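Observations on the model geometry
The lines below spell out each chain.
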Amino acid sequence: MRVFDSNWMQIADYLRRDDRIVLPVGSTEQHGYLSLGTDALLAERVSVEAAEPLGVPVLPVLPFGMAPYFTEYPGTMSLRISTYIEVVRDLLDCLASQGFRRIAVVNGHGGNAPVAGLIREWISQPRADRVQVVFHSWYNAPRTAEAASRFDDDQFHGSWLENFPWTRVAGVEIPDGAAPVLPRALVENLTAREMKELAPDGSLGGAYQRGDDDMRAVWDAGVAEVRELLEKGWIK
């Protein structure tokens, strides 16, 4: 259930029988021909579809992350790492104070990876009750990555891998073919201006699109992996 579809009394009632909750985190950044909200849209949707049959509430996605390397593309937003870490810390503190003891942070953006260090620090702090927090980047989890690799090993930003019906923009025609794949070691050292020069349309390489049947296979693997995490990914 989406938290936005509930009132506070319903969440309080839920806490009497369960202590799990999902916090999706994403980013607002360029994705080539796809939506600027791609990472946020995917993180929230995969969380909702995975949690729905379990009755676990899903918070609205945190739509801003860390994407300083894309800020030359208009519409991209980026938080400083210090800001982002404190936002996530505040959210975890709030959830723990309300009685949530198993928190799944479902991530849709590679740039958010440093928050895993905060989570390790946060769960290590002494508390009256143990609080578990798992950080799960759904898009490169083992079975999801394996499903994608069956179709194409080139899985880079703004490519076919993120091109789902719900990340496409109305009226935008996505090219056929593929963009040149930029070396990952190079990408990790580019300034925002250099990134825009080397990837003028925003794709960092690979095919722009694949058939929807292929995309459904990748998506189903992602949903199944998040659902398994919510069911079995906790220390007893």
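Identification of the protein as Amidase from Planotetraspora kaengkrachanensis is taken from an unreviewed UniProt entry. Under the Sequence similarities (unreviewed entry) heading, UniProt states for the protein: "Belongs to the creatininase superfamily."

Moving on, we come to the overall build of the protein. A tally of helices and strands in the protein yields 8 helices and 5 strands. Scanning the protein from its N terminus toward the C terminus, one meets helices and strands in the order α-β-α-α-β-α-β-α-β-α-α-β-α. On the principal axes, the C-alpha backbone points of the protein span a range of 55 × 40 × 30 Å. Counting the 236 residues in the protein, one finds 49% classified as buried. Partitioning the contacts of the protein with sequence separation of at least 6, the portion at a separation of at least 24 is 79%. Surface summary for the protein: the accessible area is close to 11,700 Å², and the carbon and sulfur share equals 53%. Put simply, the protein has 23 plus and 33 minus side-chain charges, and the middle of one group is 8 Å from the middle of the other.

Below, the discussion takes up the pairing of strand β2 (residues 102-107). Within β2, 5 of the 6 residues are buried, which leaves the element mostly enclosed by the surrounding structure. In terms of strand pairing, strand β1 (residues 20-25) meets β2 through 6 bridges, oriented parallel. Looking at β2, one finds that P24 is bridged to V106. Where β2 lies against strand β3 (residues 132-137), 6 bridges are found, and the strand directions are parallel. Bridge pairing links V106 to H136 in β3.

I103, V133, W138 and W219 are the most contacted members of the largest nonpolar core, which totals 50 residues. Of all the secondary-structure elements, those providing two or more residues to this core are α1 (8-15), β1, α2 (38-51), α3 (81-98), β2, α4 (115-123), β3 and α8 (212-232). Ranked by residue count, the leading element in this core is α8, at 7 residues.

This part covers the pattern of salt bridges. All told, the structure shown has 14 salt bridges when counted by the stated rule. Between D129 and R101 there is a salt bridge, with the nearest N and O atoms lying 3.4 Å from each other. A residue pair is termed long-range when its members are at least 10 positions apart, and D129 in the loop between α4 and β3 and R101 in the loop between α3 and β2 qualify at 28 residues. Judged by its relative accessible area of 41%, D129 is partly exposed. Overall, the relative accessible area of 21% leaves R101 in the partly exposed class.

Analysis parameters
Residues numbered from 1 in each chain as written. Predicted model: local features only at pLDDT ≥ 70, side-chain atom pairs only at ≥ 80, totals over all residues. Heavy atoms only, no water. UniProt positions renumbered as here; feature names shortened; annotations may be inferred. Helix = DSSP H or I, 4+ residues; strand = E, 2+ residues; numbered from the N terminus. Buried < 20%, exposed > 50% of the residue type's maximum accessible area, 1.4 Å probe, protein only. Contact = heavy atoms within 4.5 Å. Areas by Shrake-Rupley, 256 points an atom, 1.4 Å probe, with all protein chains shown as cover. Lys, Arg positive; Asp, Glu negative; His and termini not counted. Charge placed at Lys NZ, Arg CZ, Asp CG, Glu CD. Pairing = 2+ DSSP bridges. Core = buried A, V, L, I, M, F, W, Y, C linked by side-chain atoms within 4.5 Å. Salt bridge = Lys/Arg side-chain N within 4 Å of Asp/Glu carboxyl O.

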